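Residue-level structural notes
Residues per chain, in single letters:
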Amino acid sequence: MQQSRTTEIVTGAFVLFGFAALFFLVTQITNKEFTAGGAGYSLLANFENIGSLKVGAPVSMSGVTVGRVESISYDMQQYKAVVSMHIDAKYNRIPDDSDASIMTAGLLGGQYIGVTAGGSDQYFKEGGKFAIVQDALVLENLINQLVASFAGKKSDSAEETKK
Amino acid sequence: MLNSSPTTPNLVEIRDVYYSVGGRDIFKGLTLNVPRGKITAIMGPSGTGKTTLLRLITGQIRPTRGQVLVDDQDVSKLSRRALYALRQRMGMLFQNGALLTDMSVFENVAFPVREHTDLPESLIRNLVLTKLQAVGLRGAYKLMPHELSGGMARRVALARAMVRDPHLLIYDEPFAGLDPISMGVILRLLRNVNDALAITSIVVSHDVDEIAQVADLSYILAGGKVVASGTPKALKEDQSGLVRQFMNGLPDGPVPFHYPADDYFKELLA
Amino acid sequence: MFKALTKLLGNAVAAFGAITWFLLRILSQVPRALLRPGLVIHQIHNAGALSLVIIMTCGLFVGMVLGLQGYDMLERFGSESSLGSAAALALVKELGPVVAALLFAGRAGTALASEIGLMRATDQLVAMEIMAVDPFRHVVAPRFLGGVIALPLLTMIFIAIGIFGVQLVGVQQLGVDQGTFWSQMRGSVEVDDVMQGLIKGCVFGVACSLIAVYEGYVAEPTAEGVGRATTRTVVNSAVMTLILDYMITAVML
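Residues numbered from 1 in each chain as written. Chains lettered and ligands numbered in written order. Predicted model: local features only at pLDDT ≥ 70, side-chain atom pairs only at ≥ 80, totals over all residues. Heavy atoms only, no water.

What follows concerns the sheet that holds strand β6 (residues 90–93) of chain B. All names here are of chain B. The mixed open sheet is built from six strands, whose spatial order is β6-β7-β8-β3-β9-β10. Every other strand in the sheet has two partners, leaving β6 and β10 (225–230) as the edge strands with one partner each. Geometrically, the sheet is characterised by an average inter-axis angle of 20° between neighbouring strands, direction not taken into account. Alignment of strand β9 (residues 217–222) against β10, held across five bridges, turns out to be antiparallel. (Pairing = 2+ DSSP bridges. Helix = DSSP H or I, 4+ residues; strand = E, 2+ residues; numbered from the N terminus. Axes fitted to C-alpha atoms, helices over the stretch in contact; angles between N-to-C directions.)

Structure representation (structure tokens):
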């Protein structure tokens, strides 16, 4: 009987220890200030190109996370990407002429949506839609543009020397 | 016959059983009866399927053909539940005791009781200590199985096998590897348990002399069949080749000394 | 050659089928096994608490090595400040669950397999059958459950200790800033990552425990048979863990 009691105590301590470790991992090494699915409202935005934006990416205003990307789909009427965002309830005074842009954290970091407040005194409500948007910068396009403009200049200068 | 009253004289009836494993025939038309309240011995040279017979009776395996009746129930046709119900009325003593290694002697004997009943602890205690007293090991109830000698382990296993007062007690090689004293103890217990509890016992063994002291009826198996049966005394006097060879331990006879081989001289000269 | 190959394939499929039946038989006994929590607690103790020392020791050293190597590698790109996030992600998503499962197979899995194999070899399992006690309920299911519960917990402990090890080397010894270390880690590790590690721990727990009890149960009832069963337990658990790891990662990324 004594032996089984010791076993029970040791086992209990082990299980508690395991759950403590799980609790530590969830609360201490993750950024769990905001969880999608809490009270809040949804906003929509249409983009030509969302780059590598993923569900769960942060929506931030001046660097503060105010929400998360909830879903991403493709609109076959307008041929645009539709991004739905879940905004935390306490950020309920976002002007309805604010703009949303897809930005990159750091040089090669993950992408997120940056919202810049507008000047309207009307605020976004559930289901509101951003009118002004800016697409993701795609590195290949940037490089292509750069190469094109560079090549253009080069041919210009070549023509000049011909003359 | 199948629906006869439970007072049929035989507790176990093996009827024309065929069994083969891996293409090798173990039984070819085995028929034998185990009468109620008696000690029946199953003997035979090694490899004749004595242990297989026990596995048939306890429903661990099913015969290819034929019937195995225990208490008028065909074991091979029972559902798992019915088989388990039947097994609750059986007790079996294994060659090495087969005590559960992580439990004390007391808990081992209490195990079947705890598993199948909800008796209060005080009653379980009385029951277990009574059975341990019967095998003379009440003082050892605290020991763990690894602290027991071979003979003691077998006695504890016997206490466990009879703790729920079974109708049928099966002994698999109960004398193998025991010193003469332990052997005597087991022999006496075998007889006493059978008579005191009015149960039926089946003993598988090839210790001819020991069996002769206790068995009411003996069967000798060979070649997948019963080759002789009767009281041990009658068998001793049987003059047919194989029985005589087996009962007297002669090295050569119908069971050949030599494993089948090509001609000795031919092989040597090759 | 072709014949041998088909035979091998046939054997593999047959083994898979046998182990699936085995799992179903265990699962059918799980509710009744749970009615006797004492047995399951005893097995959590055997599989979990007794593996704690080896899990913690190895977790600490894996973390410390990760700190050294991670720092050395990241320093070449001038980004040793992300040591926290790199090491934590590696531990949470891959190293923790996999290494914990391998250690579990070596420590608890072999113990399970040899214990059940010995019970088979000494007729204890048959004796239970004869006593009308299903060994699946009394022996196999509690051991399986014990392993399934223990491994995810061990995995979490391994990861937590591992991060402590990384921190020990990275921050205390190599001088990565404490605040940067933790904030970088928090910035990149998501709750989903921890959940992925937990799910892996659970899946590996099922796989390793199942393999261990299966190998023990079907072991040949001889000394060599039990020895072979423990060997097969370690080998099969390791291979299965890595295959499953790839599959889960592919599905969840």
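Another aspect to go through is the domain arrangement of chain A. Domains assigned within chain A are domain 1 (1–30) and domain 2 (40–143). Taking only C-alpha atoms, the centre of domain 1 of chain A and the centre of domain 2 of chain A are 43 Å apart. (Domains from an automatic or database assignment.)

The subject of this paragraph is the environment of G118 of chain A. All names here are of chain A. Here G118 is to be found in the loop between β6 (111–116) and β7 (128–129). Its relative accessible area of 31% is what places G118 among the partly exposed residues. Distance from G118 to S62, taken between C-alpha atoms, is 13 Å for residues 56 residues apart in sequence. Contacts of G118, omitting those with residues within four sequence positions, involve P95, D97 and S98. (Buried < 20%, exposed > 50% of the residue type's maximum accessible area, 1.4 Å probe, protein only. Contact = heavy atoms within 4.5 Å.)

Right, let's talk about the arrangement of the chains for a bit. Of all two pairs of chains that touch, the greatest number of contacts is found between chains A and C. Chain A makes no contact with chain B; the smallest distance between any of their C-alpha atoms is 11 Å.

Now for the sheet that holds strand β2 (residues 24–35) of chain B. Through backbone hydrogen bonds, the strands of a sheet pair up, either in parallel or in antiparallel fashion. All names here are of chain B. A sheet is described by the order of its strands in space; here four strands give the open sequence β2-β1-β4-β5, paired in antiparallel fashion. Among the strands making up the open sheet, the edge pair consists of β2 and β5 (73–74). Summarising the sheet, strand β1 (residues 10–21) and β2 pair through nine bridges and their orientation is antiparallel. Directly across from Y19, in β2, lies its bridge partner F27. Seen against the sheet, helix α1 (residues 50–57) touches β1, β2 and β4 (65–70) and runs at an angle of roughly 65° to β2.

On to the interface of chain C and chain A, then. At the junction of the two partners, chain C supplies 27 residues and chain A supplies 20 residues. In total, about 2,000 Å² of surface goes out of reach between chain C and chain A, with carbon and sulfur atoms giving 83% of it. One can count zero salt bridges joining chain C with chain A. Here chain C and chain A share one residue pair in polar contact (both at pLDDT 80 or more) between them. Contributions of two or more residues to the side of chain C that touches chain A are made by α2 (37–47), α3 (52–76), α4 (83–121), α6 (135–173), α7 (178–188) and α8 (191–218) of chain C. (Buried area = accessible area lost by both parts, 1.4 Å probe. Salt bridge = Lys/Arg side-chain N within 4 Å of Asp/Glu carboxyl O. Polar contact = N/O pair within 3.5 Å; in protein donor to acceptor, adjacent residues only side chain to side chain.)

Right, let's talk about the pairing of β6 of chain A for a bit. Residues and elements named next belong to chain A. Taken together, the three bridges between strand β2 (residues 58–61) and β6 define a ladder with parallel strand orientation. When the sheet's bridge partners are listed, S60 is paired in β6 with G114. As paired elements, strand β5 (residues 99–104) and β6 share six bridges and run antiparallel to each other. Within β6, the residue paired with D99 across the bridge is T116.

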